[in-house]
Amino acid sequence: MTTSIKQLPDTEQVLSGNGACGGCPATMALRIVGKALGPNAIMLLTPSCSVASMGMTPKLGYNWPGINITFATAGSSASGITHALEIMKEKGRLEGELPTVFSWVGDGGTYDIGFQALSAAAERNDNIIHFCYNNEAYSNTGVQRSGATPRGSFTTTTPTGKRQPKKNMALLMLEHNIPYVATATVAYPGDLYDKVVKAKNIPGMKYIEILAPCYLGWQFDMSDTVQMSRAAVRSGAWLLWEAENGKITFNNPTSLIINGKKAAEPVDEYVKKQGRFNRLLKGADSAERIAEIQGDIDREIAFMRERAKITI
Ligand SMILES: Cc1ncc(C[n+]2csc(CCOP(=O)(O)OP(=O)(O)O)c2C)c(N)n1
Ligand code: SF4
Ligand SMILES: [Mg+2]
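Below: a short report on this structure. (Residues numbered from 1 in each chain as written. Chains lettered and ligands numbered in written order. Predicted model: local features only at pLDDT ≥ 70, side-chain atom pairs only at ≥ 80, totals over all residues. Heavy atoms only, no water.)

Let us now look at the site of ligand 1. Close to ligand 1 lie 15 residues; Cys49, Gly108, Tyr133, Ser139 and Asn140 are nearest. In this structure, Gly109 approaches ligand 1 through a main-chain N or O atom, which is 3.0 Å from an oxygen atom. Residue Tyr133 places a side-chain N or O atom 2.5 Å away from an oxygen atom belonging to ligand 1. In isolation ligand 1 has 580 Å² of accessible area, and contact with the protein removes 71% of it. Of the residues assigned to the shell around ligand 1, the class counts are 6 nonpolar, 8 polar and 1 charged. (Near = heavy atom within 4 Å. Polar contact = N/O pair within 3.5 Å; in protein donor to acceptor, adjacent residues only side chain to side chain. Areas by Shrake-Rupley, 256 points an atom, 1.4 Å probe, with all protein chains shown as cover. Nonpolar A, V, L, I, M, F, W, Y, C, P; charged D, E, K, R; others polar.)

Quick look at the structure:
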């Protein structure tokens with residue numbers, strides 16, 4: 001049974017007065033993650049909105065020891081810290097439960113610039129949690145395209161809409177044979193909370209990716225963040241799943257779509273809610289380009305349905 005929002009602990013690791021935009025999905029997600037991880041954790045951040053939001057020492061917006069590292073190094077830095085802690089414990093220089101070492105990284109720092117170090121940490125099965133909060137662009141520097149930007153989306157580096165589909169990063173991480181991979185989004189806080197609690201208790205490498213609809217990059221009213229997150233799942237543009245030791249399970253409502261019990265909502269409704277697709281919608285070839293986006297989603301659903309049948 002999924003934890004309900006009312007059952008989430010009252011403890012807060014994300015403090016009031018931080019510098020995030022109102023309605024920031026990355027910060028909402030981090031708040032839920034904080035409730036699941038508790039205070040005994042060490043946070044690593046690469047350049048991103050979440051770094052800009054945390055403010056400046058000595059009054060940080062996040063209640064963990066935090067380290068700002070370079071863009072490419074989330075995987076290697078987190079590995080170094082977790083190994084150092086293990087050695088200190090072995091030598092009797094640390095007592096009690098070791099802190100959870102986690103990286104909190106955007107899609108730019110995960111899909112693109114940090115991919116090599118992350119892949120290496122996964123291959124070594126180092127004991128860390130890598131969170132990718134995915135707002136589908138480089139938001140902090142004014143919204144440039146990333147490997148997570150979906151086809152058709154406007155960014156400052158794709159002024160006529162991106163021409164390629166996004167990559168399936170969570171599946172790429174699963175193919176590293178790591179013990180736990182999950183996807184989540186802010187409209188389903190209990191689902192996210194349960195996945196983080198589970199990941200915290202599994203030794204080895206864990207990867208959790210959270211879709212974070214950013215009003216600035218996606219161009220919608222900031223009060224609609226949660227609705228946009230829900231619309232992404234209902235249209236099948238974002239699939240909720242987790243894999244423990246390689247076995248994929250879909251979570252509601254994605255499981256209903258995958259099992260054919262409920263149809264995914266047509267993607268044009270989802271696309272029309274977002275200004276980042278405006279130019280595509282106004283073009284003479286808009287029907288064709290929406291069909292391409294729908295094709296990407298249908299292909300992904302069909303592929304994941306088949307991939308989940310492989311359990312060895
Ligand atoms: C090596 C390097 N290249 C570029 C930058 C500039 N930069 C800072 S934040 C950022 C965007 C990060 O995008 P993402 O990881 O998706 O996080 P978001 O801003 O969306 O939260 C960029 C390009 C940098 N700090 N270091
Ligand atoms: S630009 Fe988007 S991701 Fe960045 S702080 Fe604002 S709402 Fe959050
Ligand atoms: Mg981003």
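Alright, that's what it looks like, and here's the rest.
Here the focus is the environment of Gly295. Within the secondary structure layout, Gly295 lies in helix 13 (residues 286-307). Since its relative accessible area comes to 23%, Gly295 is described here as partly exposed. (Helix = DSSP H or I, 4+ residues; strand = E, 2+ residues; numbered from the N terminus. Buried < 20%, exposed > 50% of the residue type's maximum accessible area, 1.4 Å probe, protein only.)

Here the residue pair Asn252 and Pro253 is connected by a cis peptide bond, since its omega of 0° sits within 30 degrees of zero. In this fold, Pro253 is placed in the loop between strand 8 (247-250) and helix 10 (254-258). Of note in this structure, Asn125 is not a glycine but carries a positive phi near 55°. The phi dihedral of Glu136 is positive, around 65°, even though this residue is not glycine. With respect to the element layout, Glu136 can be found in the loop between strand 4 (129-134) and helix 6 (169-174). Judged by relative accessible area, Glu136 falls into the buried class, the value being 4%.

Helix packing for two helices is described by the angle between their axes and how far apart those axes are. Close contact between helix 1 (residues 25-37) and helix 7 (residues 189-200) brings their axes to 8 Å; oriented N to C, the two are set at 45°. Taken together, the axis directions place helix 1 and helix 7 in an arrangement best described as oblique. As for how helix 1 packs across helix 7, the hand of that crossing is right-handed. Mapping the contact onto sequence places Ala29, Ile32, Val33, Lys35, Ala36 and Leu37 in helix 1 and Pro189, Leu192, Tyr193, Val196, Val197 and Lys200 in helix 7. (Axes fitted to C-alpha atoms, helices over the stretch in contact; angles between N-to-C directions. Parallel < 35°, antiparallel > 145°, perpendicular 65-115°, else oblique. Left-handed = near helix turned anticlockwise from the far one by under 90°. Contact = heavy atoms within 4.5 Å.)

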